[in-house]
Amino acid sequence: MTLRYTSVILTLALLLLANSATATTCAIFVVDEHKMTINNARIYIDDSSQPIGTTAYHAGMGRNCWVGDIKLNGTHTLNAKWAQAKPNRIPYEGSAIIDFTGEDKMRITIPTHKA
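The structure presented is a predicted model; accordingly, all values stated were derived computationally and were not measured.

Would you take a moment to explain the sheet that holds strand E6 (residues 74-83) for this structure?
Backbone hydrogen bonds are what pair the strands of a sheet, in a parallel or an antiparallel way. Reading across from one edge, E3-E2-E6-E7-E9 is the order of the five strands in this open sheet, with antiparallel pairing throughout. Both edges of this open sheet fall to strand E3 (53-54) and strand E9 (113-114), since each of them pairs with a single strand only. Of the strand pairs in this sheet, E6 and strand E7 (residues 91-100) are connected by 10 bridges, and their pairing is antiparallel. If you follow Ala83 over to E7, its bridge partner there is Pro91.

So this is what it looks like as structure tokens:
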């Protein structure tokens, strides 16, 4: 009996891992005026007050970005906000209007400028 349960649990775990591997549909890059990718930029959808994520170094991309699954249809605005390092803490903002259709993998770049 124990062997049967173990094989069922392992099969379910493999199915969950396979499902999570296909969940990534979007890579969002936030760039400054010099086209450099930004670390710790917060990304928002439309007028939401809660960010969907924060950019960080992604080894697979070799750059700072946010990688995740966005389950939206239609046209939406992605906003990015970040602040330059101290001592002058200059805020930067930017947005991009994106048309989400189907489940295609997307690579999105949001340019930012001084606010």
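On we go.
Explanation requested: the nonpolar core in the structure shown.
Membership of the largest hydrophobic core comes to 18 residues, with the highest contact counts inside it found for Ile28, Val30, Ile70, Leu78, Ile108 and Ile110. Breaking this core down by element, the ones donating at least two residues are strand E1 (26-31), strand E2 (42-45), E6, E7 and strand E8 (106-111). Other than its neighbours up to four places away in sequence, Val30 contacts Met36, Thr37, Ile38, Ala41, Ile43, Thr55, Ala80, Trp82, Ile110 and Thr112.

Looking at this structure, how should I read the pairing of strand E5 (residues 63-68)?
Working note: regular strand, side chains alternate between the two faces of the sheet. One ladder, built from three bridges, connects E1 with E5; its direction is antiparallel. Of the residues in E5, the one forming a bridge with Ile28 is Trp66. Here strand E4 (residues 56-58) pairs with E5 via three bridges, running antiparallel. Each bridged residue has a counterpart across the sheet, and for His58 the counterpart in E5 is Arg63.

I keep staring at the sheet that holds E5 and nothing clicks. Help me out?
Strands sit in the order E4-E5-E1-E8 across an open sheet of four strands; the sheet is mixed. Whereas interior strands pair on both sides, the edge strands pair on one side only; in this sheet they are E4 and E8. Direction aside, the axes of adjacent strands within the sheet are offset by 45 degrees on average.

Parameters and conventions
- Residues numbered from 1 in each chain as written.
- Predicted model: local features only at pLDDT ≥ 70, side-chain atom pairs only at ≥ 80, totals over all residues.
- Heavy atoms only, no water.
- Pairing = 2+ DSSP bridges.
- Helix = DSSP H or I, 4+ residues; strand = E, 2+ residues; numbered from the N terminus.
- Core = buried A, V, L, I, M, F, W, Y, C linked by side-chain atoms within 4.5 Å.
- Buried < 20%, exposed > 50% of the residue type's maximum accessible area, 1.4 Å probe, protein only.
- Contact = heavy atoms within 4.5 Å.
- Axes fitted to C-alpha atoms, helices over the stretch in contact; angles between N-to-C directions.

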